[in-house]
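Close look at the chain arrangement
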Number of protein chains: 2
Amino acid sequence: MARAATTTDAFNAVAEPRRRQILDLLAQGERPVNDLVAMLGLAQPQVSKHLRVLREVDLVRVRDEGRQRLYRLNAEPLRPIHDWLRKYEQSWNARFDLLDTVLAELKEEEPDGTD
Amino acid sequence: MARAATTTDAFNAVAEPRRRQILDLLAQGERPVNDLVAMLGLAQPQVSKHLRVLREVDLVRVRDEGRQRLYRLNAEPLRPIHDWLRKYEQSWNARFDLLDTVLAELKEEEPDGTD
DNA sequence: TTGACGTATTCCGTTATGGGTATACGATTC
DNA sequence: GAATCGTATACCCATAACGGAATACGTCAA
């Protein structure tokens, strides 16, 4: 088995910096492909390919406007990522550096208080 | 060029479900490899390999304890992901479904009000 | 219709993943 | 020193990513 497809989920789709950049751009509003091409400094086919991936995980939606295709953001698939990260928030918000791990360990299990 | 290495950053490292699972387990406290092996139902070498990736992006730290290696979580590299997601939070927290895109578009640019 | 534009798709090559299996290494015990 | 445990590494395979280049659409203009 190889690495999971980029179109498997938002986690994989968003691992690619360019794709994140595209989302960042689309966060400002709907854009035709060529706008993105210009802004990203990438070749048009690559942009279309990245958009395809984003489309397949439903991170972007398209709307046909004449000969242009206007892409817009749909952030909802990012939610699971955010939700998953949520439980780790405290780890960097506090000075838990190693203390929190120790504490968590103590109250979770390791019932053998064998130091 | 191929896909960015899994060890490039937390984004890539965490795109793999198994690796997320490992972090989830380590969130509960330090664990030796074999514990993870048992909990994950994976072969030991695969677990070691995943741990290596996590180690390379500093998502886990190791501590030698006799013949065991105790791994523990270091969540900080997750922070950039969280930070990046932050700007999209409102997109799914409200009913901005397509309204927000339109609004953003209006106030950002597209100075030609040609509709 | 022909042509230009905007975008998507196909084909290529390089790279590395992730699982499987075997094995190497260090530490401990006998 | 030998056997054993706990873990890491090496090797193999199948898969697919990403960029580049060429090209195939569909739409609009002359």
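This text follows the structure it describes.
Residues numbered from 1 in each chain as written. Chains lettered and ligands numbered in written order. Predicted model: local features only at pLDDT ≥ 70, side-chain atom pairs only at ≥ 80, totals over all residues. Heavy atoms only, no water.

Taken together, 27 residues sit near DNA strand D, with Ala2(A), Met1(B), Gln44(B), Ser48(B) and Tyr71(B) positioned nearest. Counted by atom, the contact set of DNA strand D within 4 Å of the protein is 62% sugar and phosphate. Interatomic distance of 2.7 Å between a side-chain N/O atom of Gln44(B) and a base nitrogen of DNA strand D. In the model, a phosphate oxygen of DNA strand D is placed 3.2 Å from a nitrogen or oxygen of the Arg69(B) side chain. Sort the elements by how many residues they give to the surface near DNA strand D and helix 4 (residues 44-56) of chain B lands first, with five residues. Class assignment for the residues of the surface near DNA strand D results in nine nonpolar, eight polar and ten charged. (Near = heavy atom within 4 Å. Polar contact = N/O pair within 3.5 Å; in protein donor to acceptor, adjacent residues only side chain to side chain. Helix = DSSP H or I, 4+ residues; strand = E, 2+ residues; numbered from the N terminus. Nonpolar A, V, L, I, M, F, W, Y, C, P; charged D, E, K, R; others polar.)

Let's shift gears to the environment of Pro77(B). Residue and element names in this part refer to chain B. Checked against the element boundaries, Pro77 lands in the loop between strand 3 (68-73) and helix 5 (79-86). Note: C-alpha distance between Pro77 and Asp9 (68 residues apart in sequence) is 8.0 Å. Setting aside residues no more than four positions away along its own chain, Pro77 makes contact with Ala10, Val57, Asp58 and Leu59. (Contact = heavy atoms within 4.5 Å.)

Contact with chain B, which involves 41 residues of that partner, is made by 40 residues of chain A. Each partner contributes to the roughly 3,900 Å² buried at the junction of chain B and chain A, and carbon and sulfur atoms together form 57% of this total. One can count two salt bridges joining chain B with chain A. Between Lys87(A) and Asp24(B) there is a salt bridge, with the nearest N and O atoms lying 3.6 Å from each other. Linking chain B with chain A are twelve residue pairs in polar contact (both at pLDDT 80 or more). For the side of chain B that touches chain A, the elements supplying multiple residues, two or more each, are helix 1 (10-13), helix 2 (17-26), strand 3, helix 5, helix 6 (89-93) and helix 7 (99-108) of chain B. The dominant element in the side of chain B that touches chain A, judged by the number of residues it contributes, is helix 5 of chain B, at five residues. Taken together, the residues that form the side of chain B that touches chain A break down as 18 nonpolar, seven polar and 16 charged. (Buried area = accessible area lost by both parts, 1.4 Å probe. Salt bridge = Lys/Arg side-chain N within 4 Å of Asp/Glu carboxyl O.)

To continue, consider the nonpolar core. Of all hydrophobic cores here, the largest spans 58 residues; its most connected members are Leu23(A), Leu59(A), Leu78(A), Leu23(B), Leu59(B) and Leu78(B). Residues in contact with Leu23(B), not counting those within four places in the same chain, are Trp84(A), Tyr88(A), Val14(B), Leu54(B), Leu59(B), Val60(B) and Leu73(B). (Core = buried A, V, L, I, M, F, W, Y, C linked by side-chain atoms within 4.5 Å. Buried < 20%, exposed > 50% of the residue type's maximum accessible area, 1.4 Å probe, protein only.)

All right, on to the relation of the copies chain B and chain A then. By a simple turn and slide, chain B fits onto chain A: the slide is 0.0 Å along the axis, the RMSD is 0.1 Å, and the turn is 180°. Here the symmetry operator amounts to a two-fold rotation axis. Comparing interface residues between copies, 98% of those in chain B also sit at the interface in chain A, which points to an isologous, same-surface contact. (Least-squares fit on C-alpha atoms with pLDDT ≥ 70 in both.)

Whether parallel or antiparallel, the strands of a sheet pair through hydrogen bonds between backbone atoms. Residues and elements named next belong to chain A. Strand order in the open sheet formed by three strands is 1-3-2, with antiparallel pairing between adjacent strands. The open sheet is flanked by strand 1 (31-32) and strand 2 (60-65), the only strands paired with a single partner. One ladder, built from six bridges, connects strand 2 with strand 3 (residues 68-73); its direction is antiparallel. Bridge pairing in strand 3 links Asp64 to Arg69. The sheet strands contacting helix 4 (residues 44-56) are strand 2 and strand 3, and the helix crosses strand 2 at an angle near 120°. (Pairing = 2+ DSSP bridges. Axes fitted to C-alpha atoms, helices over the stretch in contact; angles between N-to-C directions.)

Here we come to the packing of helix 2 (residues 17-26) of chain A against helix 4 of chain A. Residues and elements named next belong to chain A. For the pair helix 2 and helix 4, the least separation of the axes is 10 Å and the interaxial angle reads 75°. The angle between helix 2 and helix 4 falls in the class roughly perpendicular. Judged by residue contacts, Arg18, Arg19, Ile22 and Leu23 of helix 2 engage His50, Leu51, Val53 and Leu54 from helix 4. (Parallel < 35°, antiparallel > 145°, perpendicular 65-115°, else oblique.)

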